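# An overview of the molecular structure
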Amino acid sequence: MTALPRPTEDSPPPPTSRADAHVPTPRRARFDWADVPLHWIPGDANSTHVINSLHLFLPAGERWFVKVMKLALPLVTDDLLHQQVRAFMSQEGIHATAHGTASAHLRAHGIEHAGYDRRLEIVFDNLLGDHPLPGRRLQRAWLDVRLAIIAAIEHYTAVLGDWILEADALDEAGADPTMLDLLRWHGAEEVEHRSVAFDLYQHLNGSWPLRAAVAQVVFPTLLALMLDGTRVLMGQDPDAPRFRPMKGYVAGMDKGRLPKLLWLALQGPRYTRPGYHPSREGDMQRALDYIARSPSHITALG
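Residues numbered from 1 in each chain as written. Predicted model: local features only at pLDDT ≥ 70, side-chain atom pairs only at ≥ 80, totals over all residues. Heavy atoms only, no water.

### A closer look at the overall build of the chain
As a reminder, the rule being used: What counts as a helix is a DSSP run of H or I of at least four residues, what counts as a strand is a run of E of at least two, and both are numbered from the N terminus. For this measure, only C-alpha atoms enter the radius of gyration; the expected value for a globule follows 2.2 Å times N^0.38, where N is the number of residues. Relative accessibility under 20% of the residue-type maximum defines a buried residue, over 50% an exposed one, and the middle range a partly exposed one, all with a 1.4 Å probe and only protein chains included. Working rule for contacts: check all heavy atoms of both residues, and any pair within 4.5 Å makes them a contact.
Along the backbone of the chain there are twelve helices and zero strands. Ordered by position in the sequence, the α and β elements of the chain form the string α-α-α-α-α-α-α-α-α-α-α-α. A globule of 302 residues ought to have a C-alpha radius of gyration of about 19 Å, and the chain, at 19 Å, matches this closely. Summarising its shape, the C-alpha atoms of the chain cover approximately 50 × 50 × 40 Å along the three principal directions. With 302 residues in all, the chain has 52% of them scored as buried. Sequence-distant contacts in the chain: of pairs separated by 6 or more residues, those separated by 24 or more amount to 84%.

Structure follows, in structure tokens:
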């Protein structure tokens, strides 16, 4: 297989927003949680539950992505983009199901998060849901805002997806291979469809001021959801230490088990540059190579 080129920060901006012609492939995956411990990073409840918080809010967010994109799909006039969006929606639905099984695994260990789930419903179903706005212009504007939100979130999922593929410190810590496979399989597919939400937004609106403004809100919101989920998980876990968000996160970060906060914070300014395009994010070839050898993907095919 010929290696795909990896654009860099010094590369010139792509000539058009359709710079990434790759069509993602929806894939089934199967995970067996029977032998996965609650603290799947041995001796590190803090890092375990920071990452476990993804299993709580990702399914709700990914189902919301699909709902919004279903509204946008009939407006797409580019045949390639239409294929990419449909494949993206299928992948996100599969991701939501996979993380839902991990969430059920947490419940099996006595972790209850119904209150957190209700807060997510307020965010995605009420605050960001469909509203009876007067007139088509306002309805379209609300759709464009939500597409801008999805594009900004997908920027972070792509960079985090690439991070988890390289996070050797988790392997060195003895992290459970099933959980690592879920995270890396999902991360690889986030790199694979890194450009779809952005290109959809560009196709239907493309306003740089709106994209930049929305991005200012997305990162702190994602951080707040992650911290709230971590607080819930650690509060339900009798073997976890007292929840101290910064101390616990920094400890995991210093060991390479969590991404560096400064690095994460700098992703926002990169995304808001006028010439930004997601085809610069991650290593597509590494992502596709991981998917090809993912135990969960291979098992599902068997």
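Structure's up, so let's keep going.
### A look at the packing of aromatic side chains
Any pair of aromatic rings gets described here by the distance separating the centres and the angle formed by the planes. Rules: The criterion for an aromatic pair is that two Phe, Tyr or Trp rings (for Trp, the six-membered ring) have centres within 6.5 Å, with stacked assigned to planes under 30 degrees apart, edge-to-face to planes over 60 apart and tilted to the rest.
For the structure shown, the criterion picks out eight aromatic pairs. Ring centres of Phe 31 and Trp 33 lie 5.8 Å apart, and the angle between their planes is 20 degrees; this geometry places the pair in the stacked category. With relative accessibility at 13%, the residue Phe 31 sits in the buried group. When the centroid spacing of 5.9 Å and the interplanar angle of 55 degrees are considered together, the rings of Trp 64 and Phe 65 count as tilted. This pair shows no difference in class: Trp 64 is buried, exactly as Phe 65 is. What links up through ring pairs into an aromatic cluster is the set Phe 31, Trp 33 and Trp 185.

### Focus: the environment of Asp 237
Operational definition: Any N or O atom pair separated by 3.5 Å or less is treated as a polar contact, with the protein-specific requirement of one donor-capable and one acceptor-capable atom, and with residues adjacent in sequence counted only for side-chain atom pairs.
As for its placement among the helices and strands, Asp 237 is situated in the loop between helix H8 (208-236) and helix H9 (245-254). You can call Asp 237 buried: its relative accessible area is 4%. Note: C-alpha distance between Asp 237 and Pro 177 (60 residues apart in sequence) is 22 Å. Leaving out residues up to four positions away in the same chain, Asp 237 has contacts with Leu 38, His 39, His 49 and Ile 111. There is a polar contact of 2.4 Å between the side chain of Asp 237 and the side chain of His 39.

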